[in-house]
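Descriptive structure summary
Residues per chain are reported as follows:
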Amino acid sequence: METSELARFEAVILPHLDAAYGLARYLTRDDADADDVVQEALLRALRFFGGFRGEGVSQGRAWLLAIVRNMAYTSRRRRQADGATESFDESVHSDAAADHHPAADLARRDSRETLAQALDRLPAELREVIVLREIEGLSYKEIAEVADVPIGTVMSRLSRARKRLQAVLAAGGGPGQTVSGPPEGAVR
Amino acid sequence: MTHPDIETRVDLALDGELDEADRAELETHLATCPACRRFRSDRLALRSALAAELPRLQASAALRARVHQAIRTEAGSEAGGGTTRRSRRGLPQTAWRWLALAASVAVVAVGSWRLGAARADTAALADEVVASHVRSLMPGHLSDVVASDQHTVKPWFDGKLDFSPPVHDFAGRGYPLLGGRLDYLDGRPVAALVYGRRRHVISVFLWPSEAPAGVTTLPIRRGYHVLRWATPQFVYWVTSDVGLAELTEFGAMLRLADSTAAGAGAER
């Protein structure tokens, strides 16, 4: 790779290392997995950087996050093939199934479910739109690029994800300021 | 418009994806519909809660060093041509070299990446500032305390914030103080002061910060100019749809008033 190309990579792609790590961590839900995903994604980005035509730093972000997302899903699939029981499959994380999810039961017994826990329990395709929009501040168009779906799908996923998180907040989750919904201690 | 339509539009508006005309239409509806207003305030509550509870994660220094080293190695091996790529786990005999390099690389790397991260943070914060300003223009949201007198506005903040914002009035120079409110930016409660300029509204957000001094004019976003500066005590974000020249003049007046007040030792 030429030095100027490497410099361009460092200027356009590397500033998004934190964003890359954030997405990887929220998708894998594991520190070590997230680190591996980020490193693999950065190397892959470097290899395919010649094909990246964008100029701006924000285009670089969407491009890199798309790679991170793919690597995170690949890593999950690999883990599943290795016999891990967790799954990205929505049927496992849907509301009905979650009622019998041991982790969810534990959280419920322990205390009110926090927003962070609720986010972790969302199916990956809903979790990623929340992370990209609410934490990384990507536009719908950028999210559509990263997740490789139409903008309409981004909107409907955001709406579904927010509806679920809103329910947790109304039930008293979150950082303790319940703006609407039943008072603390109310029956869920 | 049906309610599901409106709800979609509220999301679009809050996400900064709705154009000016549609936003005006939405505001007209919201003014007459408590159910939709409630939907919007629930969404805003969710957004604040998410911002408060979900941190923006940062890559560890170890990961930064690891990534940087991997990139150098990869770029170097390509330049060398035909060298077999190293496994990402690394080989034992390269481990010591790796550690030594990682330590030196980390120092250089953190500097330049911090700068990039800071720029991205600034852009995100500017988006928040404009969103908050736009939200405040919706009916009934402009100010919690309506007063053109700084001696009414300033005490109003007492007990509501962990700091006491300086408040000035520039009515004599065409920028009357309209009021103040609490807002939530950059993950913390902040003071918002509202000034008028003819028929325009200027929002001033401030909170304690050790941000580096210097005035920055940010790229115009969604039709609003954004200025940012820092005093030894506070960081200021100012936004409005007045012309940039007027906003700059207003900013200079505000900074002068602050420094005069600070210089006189008068906490006002």
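All values reported here derive from a predicted model rather than from experimental measurement.

Cut-off values and rules
- Residues numbered from 1 in each chain as written.
- Chains lettered and ligands numbered in written order.
- Predicted model: local features only at pLDDT ≥ 70, side-chain atom pairs only at ≥ 80, totals over all residues.
- Contact = placed C-beta atoms within 7 Å.
- Helix = DSSP H or I, 4+ residues; strand = E, 2+ residues; numbered from the N terminus.
- Nonpolar A, V, L, I, M, F, W, Y, C, P; charged D, E, K, R; others polar.
- Core = buried A, V, L, I, M, F, W, Y, C linked by C-beta atoms within 7 Å.
- Buried ≥ 20, exposed ≤ 12 C-beta atoms within 10 Å, placed from the backbone.
- Axes fitted to C-alpha atoms, helices over the stretch in contact; angles between N-to-C directions.
- Parallel < 35°, antiparallel > 145°, perpendicular 65-115°, else oblique.
- Pairing = 2+ DSSP bridges.
- pLDDT = per-residue confidence, 0-100.
- Expected span 1.5 Å × (residues − 1).

**With respect to the interface of chain A and chain B**
With 37 residues of chain A at the contact, the number on the chain B side is 37 residues. Breaking the side of chain A that touches chain B down by element, the ones donating at least two residues are helix 2 (17-28), helix 3 (31-47), helix 8 (115-121), helix 9 (124-135) and helix 11 (151-170) of chain A. For the side of chain A that touches chain B, a count of residues per class yields 21 nonpolar, nine polar and seven charged.

**Brief notes about the nonpolar core**
Judged by nonpolar contacts, the single largest core of 57 residues is most densely connected at Ala20, Leu23, Ala24, Val38, Ala41, Leu64 and Val68 of chain A. When near neighbours in sequence (up to four residues on either side) are disregarded, Val68 of chain A contacts Ala20, Leu23, Ala24, Val37, Val38 and Ala41 of chain A. Within the second largest apolar cluster, 34 residues are counted, among which are Ala191, Leu193, Phe205 and Val238 of chain B.

**Details of the packing of helix 10 (residues 140-147) of chain A against helix 11 of chain A**
Residues and elements named next belong to chain A. Relative to each other, helix 10 and helix 11 sit at 100°, their axes nearing to 8 Å. The angle between helix 10 and helix 11 places the two elements in the roughly perpendicular class. Residue-level contacts link Tyr140, Lys141, Ile143, Ala144 and Ala147 of helix 10 to Ile151, Val154 and Met155 of helix 11. Here the contact of helix 10 with helix 11 is built from residues that sort into seven nonpolar, no polar and one charged.

**A short note on the pairing of strand 4 (residues 200-208) of chain B**
All names here are of chain B. With seven bridges joining them, strand 3 (residues 188-197) and strand 4 adopt antiparallel strand pairing. Counterpart to Arg197 in the pairing with strand 4 is His200. Counting the residues that bridge the hairpin from strand 3 to strand 4 gives two residues, and of these Arg198 lies at a positive phi of roughly 50°. Relative to strand 7 (residues 234-240), strand 4 runs antiparallel, the two sharing seven bridges. Paired with Ile202 across the strands is Ser240, a residue of strand 7.

**Focus: the confidence of the model for chain B**
All names here are of chain B. Within chain B, residue pLDDT values average 79, and 78% of them lie at 70 or more. Within chain B, the element-level pLDDT minimum falls on helix 5 (residues 95-136), averaging 67, and the maximum on strand 7, averaging 93. Scored below 50 in pLDDT, residues 80-93 makes 10 contacts in the model with residues more than four places away or belonging to other chains. Model confidence for the complex: the whole-complex pTM is 0.54, and ipTM, which rates the interface, is 0.75.

**Considerations on helix 3 of chain A**
Here helix 3 of chain A spans 25 Å end to end across 17 residues, near enough to the 24 Å set by a 1.5 Å rise per residue. Taken together, the buried positions of helix 3 of chain A are occupied by Ala34, Asp35, Asp36, Val37, Val38, Gln39, Glu40, Ala41, Leu42, Ala45 and Leu46 of chain A.

**Notes on the pairing of strand 3 of chain B**
Residues and elements named next belong to chain B. Inspection of the sheet shows strand 2 (residues 177-185) paired to strand 3 by eight bridges, in the antiparallel sense. Each bridged residue has a counterpart across the sheet, and for Tyr184 the counterpart in strand 3 is Pro189. The hairpin formed by strand 2 and strand 3 contains two residues between the paired strands, and Asp186 there has a positive phi angle of roughly 55°.

**Some words on the packing of helix 11 of chain A against helix 3 (residues 34-53) of chain B**
Helix packing for two helices is described by the angle between their axes and how far apart those axes are. Where helix 11 of chain A contacts helix 3 of chain B, the axes come no closer than 10 Å and their chain directions differ by 80°. Judged by the angle between their axes, helix 11 of chain A and helix 3 of chain B are roughly perpendicular. Touching Arg162, Leu165, Gln166 and Leu169 of chain A of helix 11 of chain A are Asp42, Arg43, Ala45, Leu46 and Ala49 of chain B, all from helix 3 of chain B.

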